[in-house]
Amino acid sequence: MYSILVVDDNVNLLKLLKMTLEKEGYLVTLADNGLKALEIAASTSFDLVILDMRLPGLNGMEVLEKLKQMDKDLVVIMITAFANIQTSVEAMKLGAFNYLIKPVNVDEMILNVTKGLENKELKAEIRDLKHKLTRVRSGLVVPAAESPLMKQVLKKVGLIAETDYSVIIQGKSGTGKEVIAKLIHSVSHRKYHPFVTVDCGAIPEQLFESEIFGHRKGAFTGANRNQKGKFEAANSGTLFLDEITNLSLNHQAKLLRAIQEKRVQRIGDERSFKLNIRLLVASNRDILEEVHNGNFREDLYHRLNEFLITLPLLKDRKEDISALVEVFLQEADLELGKKITGLSYDALQLLLHYHFPGNVRELRQIIRKAALVSEGRNIEASAINLPETEPQNLNHYLDNEDYLQKIISADLSLKQISGEISASVEKNIINQVLEKVNYNKTKAARILGIDRTTLYQKMK
Ligand SMILES: Nc1ncnc2c1ncn2[C@@H]1O[C@H](COP(=O)(O)OP(=O)(O)OP(=O)(O)O)[C@@H](O)[C@H]1O
Ligand SMILES: [Mg+2]
């Protein structure tokens, strides 16, 4: 409930305003002079003050100034019997919300009170948003972790962040590997030192060594100045080797040597210098599998694998969708000035039933597009554009590659795989039926020809 302080030396007006405002549901306190008002305001906090300009003792303007010093967010509506442009300008300058002329029109007063309070809420919201945006802008995204799988990931991050362990971060494209790498750095003791990223897939083969180790002027044709390498740039901080499985075997060997010796040499330079870096590497492939396939050096793998974090697919951590959407809506506000606060129920249901092959990155793109076309405070289902809402045939239900890999690596027998496939198809059908009957479980169980207990079990 909002609380309002009314300050006026006219007792009848005080009574009138108290009655009117209380009828509107406000908590009202009265003061008949400025000093008393300040005393009360010093011990109780108010959302809004209605303040007479001419008061015995301290005048309204002085009271206004003091009140604003105590609480700059306080909404103050001034009232006066004497219309005077000069004083009204002054009052506004001191931070008054509005300036009303006596005799007080009750409806006009209520309207001003409502507007003033709305304005205050809005300012608070904006401040809160700005605070969140600075976080987004600084690139530090604290991952949403409502889901058990993501909670585990964050627990692991907590375990190793303070150490200097090398960490392999594995996960399919768009699951947030870079986000986790940055997070580890930002909570480690190296946080005030550089975080340097090397995209191992993006550097041309012949430039790799020079990029990583640097070179001395004249070391090769075209080397017309001394050049620091990424290792050197990351010294004291963290070096993030992204897409590490894209490195050729030759470069893997060079990398391993630098890591083992903890020293690097610029190309063409005799001197070497000591390395003090923490290594984080990422891949969207299973590195151990790459070792088995002969594409990745086993010794390098073991050197890097002091700790392994595998990021879950978004479809397996749907509890995080709402919080992620919130982050992306903050971005949309920053970028497009759209004040969208959330998703409609239907829009959320759509997202909860989608399988997100592109993971968090895809969710981000979906929300960015939806924010662009949305007009209200919520994103409606019609604004959500999914590539294929419903899979058309059985093959789409299955991530064939995943199953094939599981069979080859002998994790599962054919029988176990069949069981998994049938469970996943069942789950999909159950979800679709549930959606059609608006989550009425009795109806869904009847349609599916099973009892409610079985349905509950299968929904887990
Ligand atoms: N927890 C999160 N909170 C907010 N945004 C996230 C989160 N996880 C991922 N994102 C966003 O999703 C996108 C993809 O994340 P990121 O680049 O870290 O994925 P990746 O696993 O490195 O993908 P790739 O393998 O394709 O390089 C980025 O825009 C990132 O900001
Ligand atoms: Mg990445």
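Calculation notes
Residues numbered from 1 in each chain as written. Chains lettered and ligands numbered in written order. Predicted model: local features only at pLDDT ≥ 70, side-chain atom pairs only at ≥ 80, totals over all residues. Heavy atoms only, no water. Helix = DSSP H or I, 4+ residues; strand = E, 2+ residues; numbered from the N terminus. Rg over C-alpha atoms; globule rule 2.2 N^0.38 Å. Buried < 20%, exposed > 50% of the residue type's maximum accessible area, 1.4 Å probe, protein only. Contact = heavy atoms within 4.5 Å. Areas by Shrake-Rupley, 256 points an atom, 1.4 Å probe, with all protein chains shown as cover. Lys, Arg positive; Asp, Glu negative; His and termini not counted. Charge placed at Lys NZ, Arg CZ, Asp CG, Glu CD. Near = heavy atom within 4 Å. Polar contact = N/O pair within 3.5 Å; in protein donor to acceptor, adjacent residues only side chain to side chain. Nonpolar A, V, L, I, M, F, W, Y, C, P; charged D, E, K, R; others polar. Domains from an automatic or database assignment. Pairing = 2+ DSSP bridges. Axes fitted to C-alpha atoms, helices over the stretch in contact; angles between N-to-C directions. Salt bridge = Lys/Arg side-chain N within 4 Å of Asp/Glu carboxyl O. Left-handed = near helix turned anticlockwise from the far one by under 90°.

**Considering the overall build of the protein**
Counting secondary structure elements, the protein contains 20 helices and 16 strands. The C-alpha radius of gyration of the protein comes to 32 Å, more than 25% above the 23 Å expected for a compact globule of 460 residues. Taken across its 460 residues, the protein has 40% of its residues classed as buried. Long-range pairs, those at least 24 residues apart, make up 70% of the contacts in the protein with a sequence separation of at least 6. For the protein, the exposed surface amounts to about 25,400 Å²; the carbon and sulfur share of it is 52%. Taking the average place of the 62 positive charges on the side chains of the protein and the average place of its 60 negative ones, the gap between the two points comes to 3 Å.

**Some thoughts on the site of ligand 1**
Taken together, the neighbourhood of ligand 1 is formed by 18 residues, with Ser173, Gly174, Gly176, Lys177 and Arg361 sitting nearest. One nitrogen or oxygen atom from the main chain of Val179 is found 3.1 Å from an oxygen atom belonging to ligand 1. About the coverage of ligand 1: the protein hides 87% of its 630 Å² of free accessible area. For the shell around ligand 1, the elements supplying multiple residues, two or more each, are helix 7 (177-186), helix 13 (321-336) and helix 15 (359-373). Among the residues forming the shell around ligand 1, the class breakdown is seven nonpolar, five polar and six charged. The residue makeup of the shell around ligand 1 includes at least three contributed by each of domain 2 (148-310) and domain 3 (315-383).

**A closer look at the sheet that holds strand 7 (residues 195-199)**
Pairing is parallel across the open sheet formed by five strands, whose spatial order is 7-10-13-6-14. Strands at the two margins of the open sheet, each flanked by one partner only, are strand 7 and strand 14 (307-310). Adjacent strand axes in the sheet meet at a mean angle of 20° when their direction is disregarded. Summarising the sheet, strand 6 (residues 167-170) and strand 13 (residues 278-283) pair through four bridges and their orientation is parallel. Counterpart to Ile168 in the pairing with strand 13 is Val281.

**Details of the pattern of salt bridges**
Any two side chains of opposite charge can pair, given that their charged atoms come close. The final tally for this structure, using the stated rule, is 19 salt bridges. Its salt-bridge partner being Glu306, residue Arg303 comes within 3.7 Å of it at the nearest N-O pair. Look at the salt bridges and you will find they share partners, linking Asp8, Asp52 and Lys102 into a network.

**With respect to the side chain of Ser147**
Its location among the elements puts Ser147 in the loop between helix 5 (106-137) and helix 6 (148-161). Here the side chain of Ser147 touches Asp320 through a polar contact of 2.8 Å, side chain to side chain. Apart from residues lying up to four places away in sequence, Ser147 is in contact with Arg317, Glu319 and Asp320.

**As for the packing of helix 6 against helix 7**
Put simply, helix 6 and helix 7 touch, their axes get as near as 9 Å, and they point 35° apart. Helix 7 is crossed by helix 6, and the crossing has right-handed handedness. Of the residues in helix 7, those touching helix 6 at Met150, Val153, Leu154, Val157, Ile160 and Ala161 are Ile180, Leu183 and Ile184. Residue composition of the contact of helix 6 with helix 7, grouped by class: nine nonpolar, no polar and no charged.

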